[in-house]
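# Structural features, examined
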Amino acid sequence: MAGEGVPAVTFQGVCRHFGEVRAVDEVSFSIADGEFFSMLGPSGSGKTTCLRLIAGFERPDRGHIQVHGVNVEGVPPFDRDVNTVFQDYALFPHMSVGENVEYGLMIRKVPRAERRKRAEEMLGLVKLDGLYARRPGQLSGGQRQRVALARALINRPRVLLLDEPLGALDLKLREAMQAELKTIQRQVGITFVYVTHDQGEALSMSDRLAVFNHGRIEQIGAPAEVYDHPATQFVAGFVGQTNLLEGYLAQRLGGFPASYAVRPERIRILPAEAEVPPGFASIDGRVSAVTYLGANSRVEVEVDEGGRLQVVEQNVEGGMAMEGRAPGTAVRLVIERRHIQAVSESR
Ligand code: ATP
């Protein structure tokens, strides 16, 4: 669990610009010791630059960075108590798996027997027991990823930086590795700073996540906090699916001419004229399209007064149950008021 004491990483008003590009723009946050912290955002939003600033591969133009309470200004990468796992693994192809894992210890002149023992331990941790002598070229993508992880963990860094480490894996393997990474992180108790553009990944693994947009952080919070209470329009749209209510729909369902976000699975479809339960807002419309998605169906409803809402329903009955969902059917949509979330414009 994340500790209460000195944060593992702190950014205070950090800027890193490349000419006109504000890659990182006035960013402040703090990561607790032992936390699994994700940086989530679209391509080019500044996540990797933040990671490189922590590692020491980049220097801030402005602001301060601390790692475990120490100002790291001017401290070169190899003197920082951090290690990085890259998406492309960066393994040495001419060395065995074991030699790759031991590499950091060899540099630090740890005796051979001790190196071997710790490498075997690390291979056990990442479930690659018995593969010490293989070459990276003889491994699957998922196995290579684990070798890269073992190699980064063997130095026992206090902070591990991971840049889209699962990006090259197919979906099934990716999901399996997500669960494993989280388990390993709990076992070793090291702070993980994880960069991803995959919101599902960030939601499922993180203690907290920071949502990046144009070099700035739009929101930081626990996964459910960010999903249920997105602070901005951008966060609502980037983390999960959302209905953004503006104009008439906002006034009608939210009560003010502001912007609101409603998750599609929080809207219930009732028959036309059905009674509205207390604490719910309602609006009438007609089904305009249904898309079968296996576990769920997405129902699109054209609101009578104009505008469109997406509803996601779980397919609890199985099959393509279309009863009451045929295009053209009049329906009443109801939404619990607490799920109508006011969102501001992106900062
Ligand atoms: P991705 O998910 O694609 O890796 P990212 O969120 O990690 O994206 P960064 O790599 O941090 O984004 O890049 C942020 C912005 O800074 C981008 O517009 C990028 O083109 C720019 N940038 C990053 N590094 C440099 C550099 N060395 N020189 C010039 N521009 C750079």
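Residues numbered from 1 in each chain as written. Predicted model: local features only at pLDDT ≥ 70, side-chain atom pairs only at ≥ 80, totals over all residues. Heavy atoms only, no water.

This next bit is on the overall build of the protein chain. On a plain count of helices and strands, the protein chain comes out with nine helices and 18 strands. Seen along its three principal axes, the alpha-carbon backbone of the protein chain occupies a region of about 80 × 50 × 35 Å. Evaluated residue by residue, the protein chain yields a buried proportion of 47% over its 347 residues. Restricting to contacts in the protein chain with at least 6 residues of sequence separation, those with at least 24 account for 66%. Element-wise, carbon and sulfur atoms account for 50% of the exposed surface of the protein chain, whose accessible area totals about 16900 Å². (Helix = DSSP H or I, 4+ residues; strand = E, 2+ residues; numbered from the N terminus. Buried < 20%, exposed > 50% of the residue type's maximum accessible area, 1.4 Å probe, protein only. Contact = heavy atoms within 4.5 Å. Areas by Shrake-Rupley, 256 points an atom, 1.4 Å probe, with all protein chains shown as cover.)

Before going further, it helps to spend a moment on the site of the ligand. All residues adjacent to the ligand are Phe 18, Val 21, Ala 23, Pro 42, Ser 43, Gly 44, Ser 45, Gly 46, Lys 47, Thr 48 and Thr 49. Gly 46 places a polar main-chain atom, nitrogen or oxygen, 3.0 Å from an oxygen atom of the ligand. Protein contact buries 59% of the 640 Å² of open area that the ligand shows by itself. Among the secondary structure elements, those contributing two or more residues to the shell around the ligand are strand S2 (21–31) and helix H1 (47–55). A per-element tally of the shell around the ligand places H1 first, with three residues. Partitioning the shell around the ligand into residue classes produces four nonpolar, six polar and one charged. (Near = heavy atom within 4 Å. Polar contact = N/O pair within 3.5 Å; in protein donor to acceptor, adjacent residues only side chain to side chain. Nonpolar A, V, L, I, M, F, W, Y, C, P; charged D, E, K, R; others polar.)

Next up on the list: the domain arrangement of the protein chain. Each assigned domain of the protein chain is listed with its residue range as follows: domain 1 (9–238) and domain 2 (243–343). Taking only C-alpha atoms into account, the centre of domain 1 sits 39 Å from that of domain 2. When domain 1 packs against domain 2, close to 760 Å² is buried across both sides, 43% of that on carbon and sulfur atoms. On the domain 1 side of the interface with domain 2, the three residues burying the most area are Tyr 227, Gln 233 and Ala 236, jointly 61% of the side's total. Our count for the contact surface shared by domain 1 and domain 2 stands at one salt bridge. Arg 266 serves as the salt-bridge partner of Asp 228, at 3.1 Å between the closest nitrogen and oxygen. For the pair domain 1 and domain 2, the number of links is six residue pairs in polar contact (both at pLDDT 80 or more). Secondary-structure elements contributing two or more residues to the side of domain 1 that touches domain 2 are helix H7 (223–228) and helix H8 (233–238). The biggest single contributor to the side of domain 1 that touches domain 2 is H7, with three residues. A breakdown of the residues in the side of domain 1 that touches domain 2 according to their chemical character gives five nonpolar, three polar and one charged. (Domains from an automatic or database assignment. Buried area = accessible area lost by both parts, 1.4 Å probe. Salt bridge = Lys/Arg side-chain N within 4 Å of Asp/Glu carboxyl O.)

With that out of the way, let us pick up the pairing of strand S1 (residues 9–18). The buried fraction of S1 is high, at seven of ten residues. As defined by bridge partners, S1 adjoins strand S4 (residues 62–67) across five bridges and the pair is classed as antiparallel. Residue pairing in the sheet places Thr 10 in a bridge with Gln 66 of S4. Where S1 and S2 come together, seven bridges link them in antiparallel fashion. (Pairing = 2+ DSSP bridges.)

Another point: helix H3 (residues 112–125). In this model H3 runs 20 Å from its N-terminal to its C-terminal C-alpha over 14 residues, within 8% of the 20 Å that 1.5 Å per residue would give. Among all positions of H3, only Arg 115, Arg 118, Ala 119, Met 122 and Leu 123 are buried. Buried residues of H3, viewed axially, fall in a sector of 140 degrees; they line one side. Turning to H3, the residues buried within the fold contact helix H2 (97–107) and helix H4 (141–153). Positive phi shows up at Lys 127, right after H3, with a value of about 60 degrees. (Expected span 1.5 Å × (residues − 1). Arc of directions from axis to C-beta.)

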